[in-house]
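As a plain string of letters, each chain reads:
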Amino acid sequence: MSIPFPLPDDAILARRDEILAGLAPLLPPEALITTEDERRAFETDAFTAYRRVPLAVALPTTTEEVSAVLRFCHEQGVKVVARGAGTSLSGGAIPQTDAIVLGLSKLNRILDVNFPNRTARVQAGVTNLSITEAVSAEGFFYAPDPSSQLACTIGGNIGMNSGGAHCLKYGVTTNNVLGVRMVQMDGTILDLGGEAMDAPGYDLLGVMVGSEGQLGIVTEAVVRILPMAEDARPVLFGFDTSEEAGACVAAIIGAGIIPVAMEFMDKEAIAICEAFAKAGYPLDVGAMLIIEVEGSAVEMDAQLAKIIDIAKQHNVRVVRESKSAMETAAIWKGRKSAFGATGRLADYICMDGTVPTGQLSYVLKRTGEICAAAGHRVANVFHAGDGNMHPLIMFDVNDPKSAASAEYIGLELLKLCVDAGGCLTGEHGVGIEKRDLMRYQFTEEDLRQQMRVRAVFDPQWLLNPAKVFPLDGRN
Amino acid sequence: MTQLMQRLEPQSEQEACAIVKQARLDRWSLAIEGGGTRAGLGRPVPADAVLSTRRLTGITLYEPAELVISARAGTPLAEVEAALAAKGQMLPFEPADYRALYGTSGEPTIGAIAACNLSGPRRIQTGAARDALIGVRLVNGEAQAVKSGGRVMKNVTGLDLVKLTCGSHGTLGLLTEVTFKLLPRPQAQATLILDGLDDERAIAAMGSALSSPFEVSGAAHLPTGHDGTGAQTLLRLERDDVSLAYRAQKLTDRLAPFGALRRLEGEVSAALWRDIAQVKPLAKAHGPAIWKLSLPAHKATACMRAISESLGARYFYDWGGGLIWLAVMPGDDAGALRIRAAVAEAHGHATLMRAPDDIRKTQDVFAPLGAALMKVTSGIKQSFDPDGIFNPGRMYAGV
Ligand SMILES: Cc1cc2nc3c(=O)[nH]c(=O)nc-3n(C[C@H](O)[C@H](O)[C@@H](O)COP(=O)(O)OP(=O)(O)OC[C@H]3O[C@@H](n4cnc5c(N)ncnc54)[C@H](O)[C@@H]3O)c2cc1C
Ligand SMILES: Cc1cc2nc3c(=O)[nH]c(=O)nc-3n(C[C@H](O)[C@H](O)[C@H](O)COP(=O)(O)OP(=O)(O)OC[C@H]3O[C@@H](n4cnc5c(N)ncnc54)[C@H](O)[C@@H]3O)c2cc1C
């Protein structure tokens, strides 16, 4: 395990009692967590190989409390790490020992649903899925659907600019958020955007989304809600080889068809997910696509006919349509529990690079070769329509050599994505995981420009400071 | 400096860097110009020289099967659109062409489209220019070539500077290359028209259409009609033939409580939406100042009522009511005080899109920002362009 953390600031550690005493009056008593046992619950996120117990945990209940805590920490030079549900896969929410964690879990109310304007105003700690649940009776939904949607928060989604299976058609978080209320490190409360389609001045909301808790802390968001399609139907397409499946994806898009989702699974992933979800996935194929179409029965039939035609030109072996709501649910359950199901078999790390879809076949082939050469099993399950790969590299956590080699290979695969014309992360964020690879994708000038923008919001680098930018060369 | 308004026309990003480096040494400011078609947009720029993208042209990457195109910033929009049309694709956000509005005749460039973040009627369905822009290269005020984003559809690597530059009106740097994601061009389109609705009913009808599963890609209301006949509420569907017929019928049924719907198809429908994208219903008349109001749709009619009480205005709604185009006689302040008050009440903002120079010199063109936002805004400007070389004062004093 080789990702370094910055050395903790001894002066802050020495002043811990004083800092806690200063925080206490700013929060309700139960909202400040100080005991070792309770703090330990916040020591890591879903990137579990790394952990640090924070100085304290603050769980504010209002924007004003967030502001008061930040203002105090700003005065005292205390670092702050924002945390939603802690499902980050890149270590974005992992604290450091000289920082406090600011958790948004108590800001969990849906404040207003505005159907005439097709927007909802929610607090940052609201879970992704609960937004859809709040509007589904009226035929609406919140579009970005990360597989973690039951747990992850809208604040975390904004932090990471999260995506999901249905983003091919509906876009990712940044395309579905119209405004945020946020607090800067010095306690200033800012409203970026709002309920209108755009806002005056620079697109500060645009740079806030995906900023991984480094520019400010979101306390409220205004999101777009969209009308649900009349109906939706996922169809399974089995191929002998990943190459054929990859080429089929490119051909579908090239033919001007954008299905609402196109998810890819290789043989290993199919076996793992089928064992878990009993979704009726074909076990005797080399690769599978889940392609979902939407609309009325007539429209879905017409679009499917075109897709099946194209698939036939790519030697599709199995075509299996969902025949019922139950089958549809099972098909998606299998896909959305891919990480959990893999986790039952082995420890894994999940990479998240994106490549041009034309490079999918090549990158898949190289991924297999690289993992095999190092003796790691790998399952590939990912958003094929937008080229966002998710190789799950399996390893044995009790064997330090295996863990180190998995980590090494993961980074090699990310470099492969950049070499193929893509990027290090499509939706999971840089966090600590890819921080030291940033120079592989960006020049020094690129990074410095980003860091200067970061410094506009947080000149002292107190917000989630160990993330995203390589530790050396900051100033 | 001696030669006022010298034109600088780099042929490469490298040359652009050299120009900016020199400008920095000589303390020149530079007005960035693409096609010069939006010369009337923004505050007038008092600059020492024009930095033009006229020679920075050419499509650098087009992968139809990956729905992505990159072009140098000075590439005429028409060239990009022709290349896309040949493969049955399009820029999703329906880039607006404001030549009619400004009475200019240059060729709009793809770089200026990115710099201005101006989107047409389809914005409600497929997103704004800022949603489609996935990569930029730019030269900042320190004469460094900087990239952000890339050519892939999903990318959260580092801060999203692409969004910051989109809509920065050339105040953060010279865009040298831009990359957009694309959509397949729909095979067919139709416009459903409701006649004679008042504003309130029209917004409700558009709201109903936009809350339906039928993916309405344009929703506009013209209170005095397109051809001066009377109020028209327009709803656009863009689909393949099978789907279009089905959805037009479903939508007609759904909106029956608002009246009988007429239907326009094909090129007639397309021409109508081109006019709306180009603000033709108001652009024709020279003289009046033109405002663009962006606000929550459910507050649109109340806002318009407040404005009409004190100002003689012609106007129409787009984006289902989320956008109001407004023409007023210029007067001293082009109605700024009353319009800004009414739109603020509605939690929206107003941009003065067209007005004589003397008004744009004294009135804010973009809605003024509060102190905290202005501080961040000035900081961002500083972080890209510490010496204030590019388009000084185009958006705000000092920005
Ligand atoms: C007779 C005359 C009248 C004028 N009247 C006006 C006036 O009414 N209002 C006014 O503001 N100026 C006016 N000007 C100034 C002149 O138009 C400016 O030189 C120019 O900066 C405006 O940009 P543009 O017209 O080229 O914009 P466009 O090319 O249409 O571009 C629109 C905006 O995007 C920016 N932009 C374009 N390409 C890029 C790029 N690659 N990277 C970054 N930013 C880009 C531009 O700077 C501009 O802000 C006038 C000049 C003359 C000679
Ligand atoms: C099983 C599993 C499946 C997943 N599937 C997907 C998927 O399909 N697509 C996808 O994109 N991601 C996926 N993820 C990753 C993860 O769920 C997302 O990144 C999610 O958005 C994180 O939300 P969170 O509330 O858990 O945030 P956290 O993990 O707590 O924080 C994430 C980042 O955001 C910052 N942050 C949190 N709250 C705020 C706030 N209020 N203001 C400012 N910054 C804040 C944090 O500092 C941190 O940098 C998955 C994770 C798991 C474990």
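Residues numbered from 1 in each chain as written. Chains lettered and ligands numbered in written order. Predicted model: local features only at pLDDT ≥ 70, side-chain atom pairs only at ≥ 80, totals over all residues. Heavy atoms only, no water.

Chemist: Describe in detail the overall build of chain A, supporting the description with residues and values.
Modeler: When its secondary structure is counted, chain A shows 18 helices and 18 strands. In terms of overall dimensions, chain A is globule-like: its C-alpha atoms have a radius of gyration of 22 Å, near the 23 Å expected for 475 residues. Reported as C-alpha extents along the three principal axes, the dimensions of chain A are approximately 70 × 55 × 40 Å. The buried share of chain A, taken over its 475 residues, is 63%. A sequence separation of at least 24 residues applies to 72% of the contacts in chain A between residues at least 6 apart. (Helix = DSSP H or I, 4+ residues; strand = E, 2+ residues; numbered from the N terminus. Rg over C-alpha atoms; globule rule 2.2 N^0.38 Å. Buried < 20%, exposed > 50% of the residue type's maximum accessible area, 1.4 Å probe, protein only. Contact = heavy atoms within 4.5 Å.)

Chemist: Please set out the nonpolar core residue by residue, giving values where relevant.
Modeler: The biggest cluster of nonpolar side chains holds 229 residues, and the ones touching the most others in it are Phe237 of chain A together with Phe180 and Ile380 of chain B. For this core, the leading source of residues is helix α16 (residues 400-419) of chain A, giving eight residues. If we ignore the near neighbours within four places in the chain, the residues touching Phe180 of chain B are Leu67, Val68, Ile69, Leu91, Phe93, Ile110, Ile113, Ala114, Ala129, Ala132, Leu133 and Ile134 of chain B. Of all hydrophobic cores here, the second largest spans 27 residues; its members include Ile272, Ala279, Ile331 and Val381 of chain A. (Core = buried A, V, L, I, M, F, W, Y, C linked by side-chain atoms within 4.5 Å.)

Chemist: Go over the domain arrangement of chain B, please, and point to the residues and values.
Modeler: Residues and elements named next belong to chain B. When cut into domains, chain B gives domain 1 (1-185 + 368-399), domain 2 (188-277) and domain 3 (280-362). Each of domain 2 and domain 3 was reduced to a C-alpha centroid, and the two centroids are 24 Å apart. Contact with domain 2, which involves 13 residues of that partner, is made by 13 residues of domain 3. Contact between domain 2 and domain 3 buries roughly 1,100 Å² in total, counting both sides, with carbon and sulfur atoms accounting for 57%. The tally of links between domain 2 and domain 3 comes to two salt bridges. For Arg305, the salt bridge identified is with Glu200, shortest N-O distance 3.4 Å. (Domains from an automatic or database assignment. Buried area = accessible area lost by both parts, 1.4 Å probe. Salt bridge = Lys/Arg side-chain N within 4 Å of Asp/Glu carboxyl O.)

Chemist: So what's going on with the sheet that holds strand β2 (residues 30-33) of chain B? Which residues, and what values?
Modeler: Residues and elements named next belong to chain B. Read from one edge of the open sheet, three strands run β1-β3-β2, paired in parallel fashion. The open sheet has two free edges, formed respectively by β1 (6-8) and β2, since each of these has just one partner strand. Neighbouring strand axes in the sheet, compared pairwise and without regard to direction, differ in orientation by 30° on average. Here four bridges tie β2 to strand β3 (residues 49-52), and the two strands are oriented parallel to one another. (Pairing = 2+ DSSP bridges. Axes fitted to C-alpha atoms, helices over the stretch in contact; angles between N-to-C directions.)

Chemist: Kindly report on the environment of Phe214 of chain B, identifying the contributing residues and their values.
Modeler: Tracing the sequence through the fold places Phe214 of chain B in the loop between α8 (199-210) and β12 (218-222). For the pair Phe214 of chain B and Ala129 of chain B, spaced 85 residues apart in sequence, the C-alpha to C-alpha distance is 23 Å. With near-sequence residues (within four places) excluded, Phe214 of chain B lies in contact with Glu230 of chain A together with Leu237, Tyr246, Arg247, Lys250 and Leu251 of chain B.

Chemist: Outline the sheet that holds strand β5 (residues 110-114) of chain A, listing residues and values.
Modeler: Residues and elements named next belong to chain A. Across the sheet, five strands lie side by side as β5-β6-β10-β8-β9; this open sheet has antiparallel pairing. Only two strands of the sheet have a single neighbouring strand rather than two, namely β5 and β9 (189-193). Averaged over all pairs of adjacent strands, the angle between their axes in this sheet comes to 10°, without regard to strand direction. Strand direction decides the pairing type here: strand β8 (residues 177-183) and strand β10 (residues 217-224), joined by six bridges, are antiparallel. Pairing of Val180 across the sheet is with Ala221, part of β10.

Chemist: Lay out the packing of aromatic side chains with the relevant residues and their values.
Modeler: Throughout the structure, instances matching the rule amount to 12 aromatic pairs over all chains. Ring geometry for Phe141 of chain A and Tyr170 of chain A: centres 5.2 Å apart, planes at 80°, overall edge-to-face. In this pair, Phe141 of chain A is assigned in strand β7 (residues 140-141) and Tyr170 of chain A in helix α7 (residues 167-170), connecting sequence segments 29 residues apart. Residue Tyr170 of chain A is classed as buried on the basis of its relative accessible area, which comes to 15%. With 6.2 Å between their ring centres and 55° between their planes, Phe366 of chain B and Tyr396 of chain B make a pair best called tilted. Of this pair, Phe366 of chain B sits in the loop between α14 (357-362) and α15 (371-384) while Tyr396 of chain B sits in the segment after α15, and the two are 30 residues apart along the sequence. Of the two residues, Phe366 of chain B and Tyr396 of chain B, neither departs from the other in class, the shared state being buried. Among the aromatic residues, ring-to-ring pairing joins Phe5, Phe47 and Tyr50 of chain A into one connected group. The positively charged end of Arg454 of chain A is found above the aromatic ring belonging to Trp461 of chain A, 3.9 Å away from the centroid. The aromatic ring of Trp319 of chain B is capped on one face by Arg123 of chain B, whose charged end is 6.0 Å from the ring centroid. (Phe/Tyr/Trp six-rings, centres within 6.5 Å; stacked < 30°, edge-to-face > 60°. Lys NZ or Arg CZ within 6 Å of the ring centre and 35° of its normal.)

Chemist: So what's going on with the domain arrangement of chain A? Which residues, and what values?
Modeler: Residue and element names in this part refer to chain A. Along its sequence, chain A is organised into domain 1 (116-227), domain 2 (232-338) and domain 3 (346-419). On a C-alpha basis, the centres of domain 1 and domain 2 stand 29 Å from each other. Together, Ala165, His166 and Leu168 form the three largest contributors to the area buried by domain 1 at its contact with domain 2, with a combined 57%. Counting the contacts that link domain 1 with domain 2 gives two salt bridges.

Chemist: Can you tell me about the interface of chain B and chain A, naming the residues and giving the values?
Modeler: At the junction of the two partners, chain B supplies 70 residues and chain A supplies 85 residues. Here chain B and chain A share an interface that buries about 6,100 Å² over both sides, 59% of which is from carbon and sulfur atoms. Contact with chain A buries area across many residues of chain B, yet Lys154, Val156 and Leu159 of chain B alone supply 14% of it, more than any other trio. In this structure, Asp386 of chain A engages Lys154 of chain B in a salt bridge whose closest nitrogen and oxygen atoms are separated by 4.0 Å. Linking chain B with chain A are 28 residue pairs in polar contact (both at pLDDT 80 or more). For the side of chain B that touches chain A, the element with the highest residue contribution is α15 of chain B, accounting for 10 residues. The residue makeup of the side of chain B that touches chain A, split by class, is 34 nonpolar, 19 polar and 17 charged. (Polar contact = N/O pair within 3.5 Å; in protein donor to acceptor, adjacent residues only side chain to side chain. Nonpolar A, V, L, I, M, F, W, Y, C, P; charged D, E, K, R; others polar.)

Chemist: Break down the state of the cysteines for me, with residues and values.
Modeler: All names here are of chain B. Under the criterion given, the structure shown has zero disulfides over all chains. Cys166 takes part in no disulfide bond, and the closest cysteine sulfur to it belongs to Cys116, at a distance of 9.0 Å. According to the relative accessible area criterion, Cys166 is buried, its value standing at 2%. (Disulfide = S-S within 2.5 Å.)

Chemist: Before we move on, can you summarise the confidence of the model for chain B with the specific residues and values?
Modeler: Within chain B, residue pLDDT values average 93, and 97% of them lie at 70 or more. Across the interfaces of the predicted complex, the ipTM metric reaches 0.96, alongside a pTM of 0.95. (pLDDT = per-residue confidence, 0-100.)

Chemist: For the environment of Leu161 of chain B, give the residues involved together with the corresponding values.
Modeler: Topologically, Leu161 of chain B is positioned in helix α7 (residues 161-165). Classification of Leu161 of chain B by relative accessible area gives buried; the value is 2%. Taking C-alpha positions, Leu161 of chain B is 8.5 Å from Lys147 of chain B, a pair spaced 14 residues apart along the chain. Not counting chain neighbours up to four residues away, the residues in contact with Leu161 of chain B comprise Val207, Gln449, Gln450 and Val453 of chain A together with Ser148 and Phe384 of chain B.

Chemist: Could you give me a rundown of the site of ligand 2, with the residues and numbers involved?
Modeler: Residue and element names in this part refer to chain A. Near ligand 2 you find 34 residues, and of these Ala82, Thr87, Ser148, Thr153 and Ser162 are the closest. Measuring from an oxygen atom of ligand 2, one finds a side-chain N or O atom of Thr87 at 2.6 Å. Between Gly163 and ligand 2, the recorded distance is 3.0 Å, taken from a backbone N or O atom to an oxygen atom. Put simply, the parts of the chain that give the shell around ligand 2 at least two residues each are β3 (79-83), α6 (154-160) and β10. With five residues, the top contributor of residues to the shell around ligand 2 is α6. Its residues assigned to classes, the shell around ligand 2 comprises 13 nonpolar, 18 polar and three charged. (Near = heavy atom within 4 Å.)

Chemist: I'd like to hear about the pairing of strand β17 (residues 323-328) of chain B, residue by residue, with values.
Modeler: Residues and elements named next belong to chain B. In terms of residue burial, β17 counts as a mostly covered element, since six of its six residues are buried. Here β17 shows no split at all, with Leu323, Trp325 and Ala327 on one side and Ile324, Leu326 and Val328 on the other all buried. Direction of pairing for strand β16 (residues 313-318) relative to β17: antiparallel, over a ladder of six bridges. If you follow Asp318 over to β17, its bridge partner there is Leu323. In sequence, β16 turns back onto β17 through a hairpin of four residues, with Trp319 there showing a positive phi of about 50°.

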